Amino acid sequence: MTLTLKRLRPPHHTAQKNKATEYHLGLLKAKLARYRAQLLEPTTKSGGAGTGFDVQKSGDARVALIGFPSVGKSTLLSKCTHTQSESAAYEFTTLTAIPGVIEHQGARIQLLDLPGIVEGASEGRGRGRQVVATAKTADLILIMLDATKSEEQRRLLEIELDAVGIRLNKKRPDVVFKRKTTGGINKTVPLTKTDEKTIRTILASYKLHNCDVMIREDITTDEFIDVLIGTRKYIPCLYVYNKIDAISLERMDQLAREDHTVVISCELGLNLDYLIERIWEELDLVKVYTKKRGAHPDLADPICLRKGATVENVCNGIHRSLAANFRYALVW
């Protein structure tokens, strides 16, 4: 007896149904993102300003320490910056944002120990909203994790930060969006993760019927919604696993080989120098040395700037009033 197997093609109406589901899902995602943005960033001030962390941004860059309570953030702050962090004995967690300063290669890097996050922080539980609002001002986020616990802790923290619009280790999508009286959708790459109809549906849900959208990258529906909302923060992140002295060498080796990951022990002071080096690399700072006419450059006191900075940024780094009367600069 011979059996012949034929590949069955899905009926045409099934494919149509899947497409309809995609459009509907895109619309729901857009609505959810808009309502969440309104909830986290209300346009009216009737509810009061609330209490935040009034920590002035200082130094050449800001690094935010985020993690669940009792993962060793306060110990790391005191070891790296010699700053003591006041803790609540009943919760074993920092009470408010404690700043410290790391001095490395002529740069002053502000390290901010934020209160421990609890699950549901993005919805306002604990001091979650203040924590994530301060994290949005950081140039780099350090997520402190307990090496003795499961990977669930990392997933939960990523969910909380993603919910408030912080995109970790991601680049801003290459999409140019401009409101117009008339317009359309122009794309220079084929879209495989979404389609034009879904994008039009999302635009319509935001009451954007006339606009010019230039898509130069194969983006997903979620990435397009992020561009529309415009308040998303794309911040580099390092995952710092503490308490490696309490796990096996095999497990430590496995963690150390993961992307954007550093393994340390705050208690024993293991690998802290390497962590500071990685912070320096991730911040991608540029050192600029000033020089008076006819004199040698001052190599002892550099001005540290983010990559892509301009001469105006250098002027502002020296003094705010300098840029107004500045004429020219010679750059080597």
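The residue numbers shown here count from 1 along each chain, following its written sequence. Only residues with pLDDT of 70 or above have their local features reported here, since the model is predicted, and side-chain atom pairs are shown and tallied only from 80 upward, although totals for entire chains, interfaces and linings are computed over all residues. The basis for every side-chain value is the complete set of non-hydrogen atoms in the structure, without hydrogens or water.

In the annotation of an unreviewed UniProt entry, the protein chain is listed under the name Developmentally regulated GTP-binding protein and assigned to Trametes coccinea.

(A) Fine view of the overall build of the protein chain. When helices and strands are tallied, the protein chain shows nine helices and 15 strands. Only heavy atoms enter the contact rule, under which two residues are in contact if any of them lie within 4.5 Å. In the protein chain, 65% of the contacts between residues at least 6 apart in sequence involve partners at least 24 apart. Only DSSP runs of H or I reaching four residues or more are called helices, and only runs of E reaching two or more are called strands; each is numbered from the N terminus.

(B) Spotlight on the sheet that holds strand 13 (residues 261–263). As summarised here, the arrangement of the six strands in space is 4-5-1-6-12-13, forming an open sheet in which the pairing is mixed. Unpaired on one side and paired on the other, strand 4 (98–104) and strand 13 mark the two borders of the sheet. Each adjacent strand pair in this sheet contributes to an overall mean axis angle of 25 degrees, direction not counted. Pairing of strand 12 (residues 237–242) with strand 13, which is carried by three bridges, proceeds in the parallel orientation. Bridged to Tyr-241 within strand 13 is Val-263. Two strands are said to pair when DSSP picks up at least two bridges between them. All axes here are fitted lines through C-alpha atoms, helices being fitted over the stretch that makes contact, and every angle between N-to-C directions spans 0 to 180 degrees.

(C) Region of interest: the sheet that holds strand 9 (residues 184–187). With mixed pairing, the three strands of this open sheet are ordered in space as 8-10-9. In the strand order of this sheet, the two ends are held by strand 8 (175–179) and strand 9, each with one partner. Sheet twist, expressed as the average angle between the axes of neighbouring strands with direction ignored, equals 10 degrees. The sheet contact formed by strand 8 and strand 10 (residues 211–215) spans five bridges and is antiparallel. Within strand 10, the position partnered with Val-175 by the bridge is Ile-215. Where helix 5 (residues 196–205) meets the sheet, it contacts strand 8, strand 9 and strand 10, and its direction lies at approximately 140 degrees from that of strand 9.

(D) The arrangement of the layout of surface pockets in detail. With a 1 Å grid laid over protein atoms only, a set of points is called a cavity when a 1.4 Å probe fits there but cannot get out and a pocket when it is open yet has protein on both sides within 12 Å along at least five of seven lines; lining residues have an atom within 4 Å of a point. Grid points are joined across faces, edges and corners, and a volume is the space filled by probe spheres set on the points. Put simply, the largest pocket is a space of about 840 Å³. The wall of the largest pocket is formed by 24 residues, among which Tyr-289, Thr-290, Lys-291, Ala-329 and Leu-330 lie closest to the centre. For the lining of the largest pocket, the elements supplying multiple residues, two or more each, are strand 14 (285–288), strand 15 (303–306) and helix 9 (311–318). With four residues, helix 9 is the single largest residue contributor to the lining of the largest pocket. Classifying every residue of the lining of the largest pocket by side-chain character gives 17 nonpolar, three polar and four charged. All residues other than Ala, Val, Leu, Ile, Met, Phe, Trp, Tyr, Cys, Pro, Asp, Glu, Lys and Arg, Gly among them, are scored as polar; the first ten of these are nonpolar and the last four charged.

(E) Molecular detail of the side chain of Asn-242. If you trace the backbone, Asn-242 turns up in strand 12. Two N or O atoms count as a polar contact when they lie within 3.5 Å, although within protein this holds only if one can serve as hydrogen donor and the other as acceptor, and sequence-adjacent residues are included solely when both atoms are side-chain atoms. Of the polar contacts made by the side chain of Asn-242, one reaches the backbone oxygen of Val-71; its length is 3.0 Å. When near neighbours in sequence (up to four residues on either side) are disregarded, Asn-242 contacts Val-71, Gly-72, Met-144, Leu-145, Asp-146, Ala-147, Ile-264, Ser-265 and Cys-266.

(F) Examining the side chain of Gln-110 more closely. With respect to the secondary-structure elements, Gln-110 resides in strand 5 (residues 107–113). Judged by relative accessible area, which is 3%, Gln-110 ranks as buried. Within the local environment of Gln-110, its side chain forms a polar contact with the side chain of Arg-62, the two groups lying 2.8 Å apart. Apart from the residues within four sequence positions on either side, Gln-110 is in contact with Val-55, Gln-56, Lys-57, Ser-58, Ala-61, Arg-62, Val-63, Pro-99 and Gly-100. Here's how the labels work: a residue is buried when its accessible area is under 20% of the maximum for its type, exposed when over 50%, partly exposed in between, all with a 1.4 Å probe on protein chains only.

(G) Structural detail: helix 8 (residues 272–283). Here the expected length of a helix is defined as 1.5 Å per residue gap, with one fewer gap than residues. The end-to-end C-alpha distance of helix 8 is 17 Å, a good match for the 16 Å that twelve residues give at a rise of 1.5 Å each. The set of residues buried in helix 8 consists of Leu-272, Leu-275, Ile-276, Arg-278, Ile-279, Trp-280 and Leu-283. Downstream of helix 8 by a residue or two, Asp-284 has a phi angle that is positive, lying close to 55 degrees.

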